[in-house]
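Remarks on the overall topology
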Amino acid sequence: MKKTSYEKKLQRLEKITELLRNQQTDLQESIALYEEGLKLYKECKEELDEMDEKLKQIIGESEVDLLIGEDDE
């Protein structure tokens with residue numbers, strides 16, 4: 001099974017959001033799209049969390065916080 005790239009997952013998630021916002025689907029399809037979107041959201045968040053951890057290991061946690069604009073306050 002081929003792994004879907006983060007970018008493709010994000011594009012699909014954006015399309016699902018557009019369909020649901022524009023109410024272009026019936027109730028059953030809306031529920032199925034919502035479930036798919038939730039799954040994609042979790043997968044994308046997991047990938048981002050993994051990349052965040054890798055960056056912290058590579059350059060150190062304090063430098064990552066500076067790069068993404070977080071502070072300890």
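What you are looking at is a predicted structure, and each value in this text was computed from that prediction instead of being measured.

With respect to the packing of helix H1 (residues 6-21) against helix H2 (residues 27-59)
- For the pair H1 and H2, interaxial distance at closest approach is 9 Å and the crossing angle is 145°. Both H1 and H2 take part in a crossing whose hand is left-handed. Side by side, H1 and H2 meet where Tyr6, Lys9, Leu10, Arg12, Leu13, Ile16, Leu19 and Leu20 of the first sit next to Ser30, Leu33, Tyr34, Glu36, Gly37, Leu40, Tyr41, Glu43, Cys44, Glu47 and Leu48 of the second.
- In terms of residue class, the contact of H1 with H2 is made up of 12 nonpolar, two polar and five charged.

Some thoughts on H1
- In this model, H1 (16 residues) spans 22 Å end to end at C-alpha, consistent with the 22 Å of a helix rising 1.5 Å per residue.
- Listed as buried for H1 are Lys9, Leu13, Ile16 and Leu19. The buried residues of H1 occupy an angular sector of 125° when the element is viewed end-on, so they sit on one face. Exposed and oriented more than 90 degrees from the buried face of H1 are Glu7, Gln11, Glu14 and Arg21.

A closer look at a nonpolar patch on the surface
- Nonpolar side chains collect at one region of the surface, where Tyr34, Leu38 and Tyr41 lie side by side and expose about 330 Å² of accessible area between them.
- Structurally, Tyr34 can be placed in helix H2.

Quick word on the pattern of salt bridges
- Summed over all chains, the structure comprises six salt bridges.
- Taking the shortest distance from any N to any O, the salt bridge between Glu47 and Lys9 comes out at 2.7 Å. Of this pair, Glu47 sits in helix H2 while Lys9 sits in helix H1, and the two are 38 residues apart along the sequence. Lys9 carries the same exposure label as Glu47, and that label is buried.
- One salt bridge in this structure joins Glu43 and Lys39, with 3.7 Å as the shortest N-O distance.

Describing the nonpolar core
- Listed in full, the five residues of the largest apolar core are Leu13, Ile16, Leu19, Leu33 and Leu40.
- Put simply, the parts of the chain that give this core at least two residues each are H1 and H2.
- Top element by residues in this core is H1. It accounts for three residues.
- In contact with Leu40, other than residues within four places in its own chain, are Lys9, Arg12, Leu13 and Ile16.

What counts as what
- Residues numbered from 1 in each chain as written.
- Predicted model: local features only at pLDDT ≥ 70, side-chain atom pairs only at ≥ 80, totals over all residues.
- Heavy atoms only, no water.
- Axes fitted to C-alpha atoms, helices over the stretch in contact; angles between N-to-C directions.
- Helix = DSSP H or I, 4+ residues; strand = E, 2+ residues; numbered from the N terminus.
- Left-handed = near helix turned anticlockwise from the far one by under 90°.
- Contact = heavy atoms within 4.5 Å.
- Nonpolar A, V, L, I, M, F, W, Y, C, P; charged D, E, K, R; others polar.
- Expected span 1.5 Å × (residues − 1).
- Buried < 20%, exposed > 50% of the residue type's maximum accessible area, 1.4 Å probe, protein only.
- Arc of directions from axis to C-beta.
- Patch = residues over 30% accessible without salt bridge, like charges linked within 9 Å, V, L, I, M, F, W, Y side chains within 5 Å.
- Areas by Shrake-Rupley, 256 points an atom, 1.4 Å probe, with all protein chains shown as cover.
- Salt bridge = Lys/Arg side-chain N within 4 Å of Asp/Glu carboxyl O.
- Core = buried A, V, L, I, M, F, W, Y, C linked by side-chain atoms within 4.5 Å.

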